[in-house]
Amino acid sequence: MKVLVTGIDGYTGWPLALHLLARGHDVVGIDNFVTRRRVKEVGADSATPIKPFPKRIEAVRELTGKTIGFHKGDLGDYEFVDRVLRSEKPDAIVHLAEQRSAPYSMIDVHHAVTTQVENLTGTLHILYAMREHTPEAHLIKMGTMGEYGTPNIEIPEGFFEIEYKGRKDLLPFPRQGGSWYHWSKVFDSGDVMFASKIWGLRATDVMQGVVYGTRTPEITDNRLLTRFDFDEVWGTALNRFVVQALLGLPITPYGAGEQRRGFLALEDSMQSLRIAVESPPPAGEYRVWNQFDEEYSVNQLAEITQTVAAEKGIAATIEHPPDPRHEAERHFYHPIHEALPALGYRRSRELPEVIREIFADLRRYRRRIEAKRHTIAPVVRWATGDNRSAVHGRAPTSTVTAPVATPAAASPTGVPSSE
Ligand code: USQ
């Protein structure tokens, strides 16, 4: 199949491209490199030294003999999206190109608006261009388990049967996002569902849990490394915990630490997305999959990280800073995840094994991580309307007052020389 991956330069986009290529698919990517710029905006950097994009695809060509097609551009520019879909005519589109950080969306009004405008606009542009040029294609849209929040009942895969005042219906399960970012995904879900209904598009809306890990089996060379963020804005819980242990900083489950989430390893995220690509739904079907491996509380993850650290001779400590977010710190959590296992999904490795691998990989980049240790402590607070000075105060350059602008201009096929 020919698969278009939007956000191909990102943490999951890049390993997905490698995974799909290895499985014999043709891969074309889109990116505007905004994540690279926004990580710098908050003074942070990837722990792994990732190559400029042209070097990445050059390395793939050299190592595998395969070519990745690429269009540099912005999904906010409809002419660009229209041109790419018209010329490429993909069989499947995996849409990962969205602002993906909850804390980033909570910095201030500009970051909230940027997150929601960009995420919703990009998705709508893809939906319209699909209708125009590839109505038979399958859209795999990256959503998040965080769309559901933490209700006191089981979470189904997207829809549930409800009886109310004597009548029954199958309805979308209520959504309760926990940040402006999570709400952007909720609104996207509604748009994808509606487009499937009115235009007969086929779509899989993936409610993905928190992803962890440094590598996948296809990352066989340093030039193929994917990014790995660990600062408070772009880093996610378990990845941050390993970095904290490595640097001798306390591991930080926020608040009571009994917040539970679904987690999955990077390689299993790839496995799941590939299964979605290879098993499209019929035309007009909008389906929702809960995509995670297992639920853990952040306290459990902190303890498992501490145990693995001890094996490596590191005496990691655990501390509970006040939770900077507005979230339940103790709650019931039981999401269903049956669709993927029914299609053959199996967990690749046990959690401690993956944590050992993260430690081993990160040890090589200790100096890079040390240089950014000041970006680890949480300063973005959900209750504060303007966190700009706190987060930008630690950026290396002068204070940034608004999100780094996304260039609207797109070069249709050009691979940039400097990204
Ligand atoms: N947390 C800690 N300590 C930390 C960092 C996080 O206790 O140092 C807690 C948070 O308070 C939260 C949980 O860990 O309860 C998860 O936070 P996170 O930063 O790992 O993940 P989150 O902000 O929810 O977002 C991440 C990705 C996002 C994806 C989402 C899946 O950035 O793109 O959609 O995970 S989910 O969490 O299922 O919504």
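Residues numbered from 1 in each chain as written. Predicted model: local features only at pLDDT ≥ 70, side-chain atom pairs only at ≥ 80, totals over all residues. Heavy atoms only, no water.

1. Quick look at the site of the ligand
Taken together, the neighbourhood of the ligand is formed by 22 residues, with Thr144, Tyr181, Ala237, Thr252 and Glu327 sitting nearest. Within the backbone of threonine 252, a nitrogen or oxygen atom sits 2.7 Å from a nitrogen atom of the ligand. In isolation the ligand exposes 730 Å². Once the protein is present, 94% of that is buried. Sort the elements by how many residues they give to the shell around the ligand and helix H8 (residues 237–247) lands first, with three residues. Taken together, the residues of the shell around the ligand sort by class into nine nonpolar, eight polar and five charged. (Near = heavy atom within 4 Å. Polar contact = N/O pair within 3.5 Å; in protein donor to acceptor, adjacent residues only side chain to side chain. Areas by Shrake-Rupley, 256 points an atom, 1.4 Å probe, with all protein chains shown as cover. Helix = DSSP H or I, 4+ residues; strand = E, 2+ residues; numbered from the N terminus. Nonpolar A, V, L, I, M, F, W, Y, C, P; charged D, E, K, R; others polar.)

2. Quick word on the packing of aromatic side chains
Applying the stated rule across the entire model yields 11 aromatic pairs. Both rings, one in phenylalanine 33 and one in phenylalanine 53, keep their centres 5.8 Å apart while their planes meet at 50 degrees; by these two values the pair is tilted. Of this pair, phenylalanine 33 sits in the loop between strand E2 (26–31) and helix H2 (34–41) while phenylalanine 53 sits in helix H3 (residues 53–64), and the two are 20 residues apart along the sequence. What makes phenylalanine 53 buried here is its relative accessible area of 0%. A connected cluster of aromatic rings, assembled from ring pairs, spans Trp14, Phe33, Phe53 and Phe70. (Phe/Tyr/Trp six-rings, centres within 6.5 Å; stacked < 30°, edge-to-face > 60°. Buried < 20%, exposed > 50% of the residue type's maximum accessible area, 1.4 Å probe, protein only.)

3. A few points about H2
Helical geometry: 3.6 residues make up each α-helical turn, so side chains three or four residues apart lie on a common side. Residues of H2 that are buried include every one of Val34, Arg36, Arg38, Val39 and Glu41, and no others. Looking at the buried side of H2, the elements it contacts are E2, H3, helix H5 (102–105), helix H6 (109–133) and helix H14 (388–392). Glycine 43 lies just past H2 and shows a positive phi near 80 degrees. (Contact = heavy atoms within 4.5 Å.)

4. Describing the side chain of serine 189
Within the element layout of this structure, serine 189 appears in helix H7 (residues 180–199). At 2.8 Å, the side chain of serine 189 and the side chain of glutamate 147 are in polar contact. Ignoring any residue separated from it by four or fewer positions in sequence, one finds serine 189 in contact with Glu147, Arg175, Asp205, Met207 and Tyr286.

5. Some remarks on the pattern of salt bridges
Going through the model one piece at a time under the given rule, you end up with 32 salt bridges. Salt-bridge contacts for arginine 388 lead to aspartate 108; the nearest nitrogen and oxygen are separated by 3.0 Å. A residue pair is termed long-range when its members are at least 10 positions apart, and arginine 388 in helix H14 and aspartate 108 in the loop between H5 and H6 qualify at 280 residues. When its relative accessible area of 24% is taken as the criterion, arginine 388 is described as partly exposed. Ionic pairing is found between arginine 394 and glutamate 232, a salt bridge with its closest N-O pair at 3.0 Å. Of this pair, arginine 394 sits in the segment after H14 while glutamate 232 sits in the loop between strand E9 (210–212) and H8, and the two are 162 residues apart along the sequence. Residue classification places arginine 394 among the buried residues on the basis of a relative accessible area of 13%. Put simply, Glu98, Lys141, Lys185 and Asp188 are held in one network by salt bridges that share partners. (Salt bridge = Lys/Arg side-chain N within 4 Å of Asp/Glu carboxyl O.)

6. Some remarks on the environment of threonine 317
For threonine 317, the position within the fold is in the loop between helix H10 (298–311) and helix H11 (339–342). Along the primary structure threonine 317 and glutamate 370 are separated by 53 residues, whereas in three dimensions their C-alpha atoms are 18 Å apart. If we skip the residues at most four places from it in the chain, threonine 317 touches Leu249, Pro250, Ile251 and Gln306.

7. Topic: the environment of glutamate 338
Mapped onto the elements of the fold, glutamate 338 is located in the loop between H10 and H11. For the pair formed by glutamate 338 and aspartate 31, sequence separation is 307 residues and the distance between their alpha carbons is 32 Å.

8. A few points about the side chain of threonine 12
Looking at where threonine 12 falls in the secondary structure, it is placed in the loop between strand E1 (2–6) and helix H1 (13–22). Taking the relative accessible area as the measure of exposure, threonine 12 reaches 15% and is therefore buried. Apart from residues no more than four positions distant in its own chain, threonine 12 is found in contact with Leu96, Leu266, Ser269 and Met270.

9. Section: helix H4 (residues 78–88)
Residues Phe80, Val81, Asp82, Val84, Leu85 and Glu88 constitute the buried set of H4. Of the residues that open H4, the one with a side-chain oxygen 3.1 Å from the backbone nitrogen of glutamate 79 is aspartate 77. Downstream of H4 by a residue or two, lysine 89 has a phi angle that is positive, lying close to 45 degrees.

10. Some details on the environment of serine 189
A residue is classified by how much of its surface remains accessible, and serine 189, at 4% relative accessible area, is buried. Sequence-wise, serine 189 and arginine 175 are 14 residues apart; in three dimensions their C-alpha atoms are separated by 10.0 Å.

11. Considering the sheet that holds E9
Where strands meet in a sheet, backbone hydrogen bonds hold them as pairs that are either parallel or antiparallel. With mixed pairing, three strands are arranged side by side in an open sheet as E9-E10-E12. Of all strands in the sheet, those with a lone pairing partner are E9 and strand E12 (294–297), marking the two edges. Direction aside, neighbouring strands of the sheet carry axes that sit 45 degrees apart on average. Taken together, the three bridges between E9 and strand E10 (residues 260–265) define a ladder with parallel strand orientation. (Pairing = 2+ DSSP bridges. Axes fitted to C-alpha atoms, helices over the stretch in contact; angles between N-to-C directions.)

12. Some remarks on unusual backbone geometry
With phi around 65 degrees, phenylalanine 33 is a residue other than glycine that occupies positive phi space. In this structure, lysine 89 is a non-glycine residue whose phi angle is positive, near 45 degrees.

13. Here we look at the confidence of the model for the protein chain
Interpretation of this model should avoid reading the predicted coordinates in detail wherever pLDDT is low. Taken residue by residue, the protein chain gives an average pLDDT of 94. The fraction at 70 or more is 94%. Within the model, pLDDT remains below 50 along residues 404–419, and this stretch shows 45 contacts once partners closer than five positions in the same chain are excluded. (pLDDT = per-residue confidence, 0-100.)

14. With respect to the sheet that holds E2
Within the open sheet, the seven strands sit side by side as E3-E2-E1-E4-E5-E8-E11. Their pairing is parallel. For this open sheet the edge positions go to strand E3 (69–72) and strand E11 (286–291), each flanked by a neighbour on one side alone. Going across the sheet, the axis of each strand differs from the next one's by a mean of 15 degrees, ignoring polarity. Sheet topology places strand E8 (residues 202–208) next to E11; six bridges connect them, and they run parallel. When the sheet's bridge partners are listed, methionine 207 is paired in E11 with asparagine 290. The strands touched by H1 are E1, E2 and strand E4 (92–95); relative to E1, the strand with the most contacts, the crossing angle is about 170 degrees.

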